[in-house]
Every structure is written in C-alpha cells, then in structure tokens.
Amino acid sequence: MSKAFTKESDAAGDDDDDDIAAPALPQGTKNYLTPQGYARLRAELMGLLDDERPKVVEVVSWAAKNGDRSENGDYLYGKKRLREIDRRIRFLTRRLDIAEVVDPSAHHGHDQVFFGATVTYANARGEERTITIKGIDEADNQKGEVSWIAPIARALLKARVGDEVSLQTPGGVERIEVVEVSYPAPTA
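Scope of this entry: the structure provided in the associated data block. Each residue is numbered by its place in its chain's sequence as written, counting from 1. pLDDT decides what is reported in this predicted model: residues at 70 or higher carry local features, side-chain atom pairs at 80 or more are listed and counted, and totals for whole chains, interfaces and linings draw on all residues regardless. Side-chain calculation: all heavy atoms of the structure are included, whereas hydrogens and water are not.

Some thoughts on the overall build of the protein chain
Inclusion rule: Secondary structure elements are taken from DSSP: a helix is a run of H or I of four residues or more, a strand is a run of E of two residues or more, and numbering for both begins at the N terminus. Each residue is assigned to one of three classes by its accessible area relative to the maximum for its type, calculated with a 1.4 Å probe on protein chains only: buried under 20%, partly exposed between the two thresholds, exposed over 50%. Contact between two residues is taken to exist if any of their heavy atoms lie within 4.5 Å; hydrogens are not considered.
Across its full length, the protein chain holds three helices and seven strands. Going from N to C terminus, the protein chain has its helices and strands arranged as β-α-α-β-β-β-β-α-β-β. Going through the 188 residues of the protein chain one by one, you find that 33% of them count as buried. For the protein chain, the share of sequence-separated contacts (at least 6 apart) that also reach a separation of at least 24 residues comes to 59%.

Quick word on the nonpolar core
How we decide: Buried residues of nine kinds, namely Ala, Val, Leu, Ile, Met, Phe, Trp, Tyr and Cys, make up a nonpolar core once their side-chain atoms join them within 4.5 Å.
Among the nonpolar cores identified, the biggest contains 22 residues, and Val119, Ile131, Ile133, Ile152 and Leu156 are the most heavily contacted of them. Contributions of two or more residues to this core are made by strand 3 (118-123), strand 4 (128-134), helix 3 (151-156), strand 6 (164-169) and strand 7 (172-182). Those residues within four positions of Val119 in sequence are excluded, and the remaining contacts are Val113, Arg129, Thr130, Ile131, Ile133, Leu156, Val178 and Glu180. With 16 residues, the next largest nonpolar core counts Leu48, Ala64, Tyr75 and Leu82 among its residues.

Describing helix 2 (residues 73-97)
Counted only if it meets this: Every helix has an expected span of 1.5 Å times one less than the residues it contains.
Taking 1.5 Å per residue, 25 residues should reach 36 Å; helix 2 reaches 36 Å between its end C-alpha atoms and fits that length. Taken together, the buried positions of helix 2 are Tyr75, Gly78, Leu82, Ile85, Arg87, Ile89, Phe91, Leu92, Arg95 and Leu96. Close packing links the buried residues of helix 2 with strand 1 (31-33), helix 1 (35-64) and strand 2 (99-101).

Remarks on unusual backbone geometry
One can expect most non-glycine residues to show negative phi and most peptide bonds to be in trans. Even without glycine at this site, Lys158 takes up a positive phi of about 75°. Residue classification places Lys158 among the exposed positions, given a relative accessible area of 61%.

As structure tokens, this is what we get:
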C-alpha cells in the first residue's frame, strides 16, 4: 500500500480530546469560574489563536517547502505542536462555552462558605489551614486553591464560621471547624 494512504501518528490518541490532562467535569454539573479565571482562560485561548498558532503554521509552511518531509525536524515537530495547540484550543473553547462565571465578591461580608470563598479551618489537633475555593480549570494547589468539587470544598460549602463539618479522608472521618470566611471586596 502507498504511504499516502496510511495514517501517521506520533502517539496513540493524538487527535483524541479525551487524553487532555485536565480534570473532567462531573456529570450534570456546571463549569464554575471566577471572573479572573475566565479572563485567564480566555487570554490563553486568544494567545493561541492570535499569536502561537500562526507562528507555528508559518514554520510548518516554510519547512514543507524544503523538500523531504519525512526527515525534516522543523516540519515534524511543527505538525506535532500544531496538533497540541489545536487540541488545547478545542478544549478551551468547549470549557469557556459552558462556563458559568460567578463573582465571589457578591458574598463580601458574609460568613457562609460559597464558591470563591477563602476559608480558614482548624482540625482536631488545632492545626489551621487556609484555602480558596475556585473552579476546576483554575484551582492551583500550590497557591492554596482547591476545586469546588474537591472533598474539602464539598465539606465546607454552605458551612458558617464556627460550624464543625465532617471531612472524609483516607485515614477516616475528620472533624474540622470553620474559623474564618472571606471574599474579595467588590470592584467599583
């Protein structure tokens, strides 16, 4: 068979969007995002569409004109990078289309835990920890941000300052107390 009729792929599932290393949305839930998270994802999408993708297309076009594509590193890498960019563009487009933007500053001054809250809680040993409840696509554990579907966030949601809630951990059920709840101030 001619090589023209075979599908070349660098890895299994190259064109499969299910392989994207991003958290899946639970069935029947919304994709909640803060306004800042939405803006960051939108900026990433626009950067890919307006800046990065056109540059890679230009390199691939130039490399394709150089002859033998089977041993042309610029062409092969460029095509692979183009597939990665296109996959990320599809992912971001889908996620932004279904995004439900929730402004946490609407709860400024409240002591109940909702989406976007920064919560300080204490365990039975008196150890305190502070987390911020964010959207699935914007949470960053390194910054103390957890997704609203994380077990700790689910345990804390709708609790008030002074409430004790149960958190299911691998070591068993742990009781934690809500010490402080804060929200960003509304912008004028």
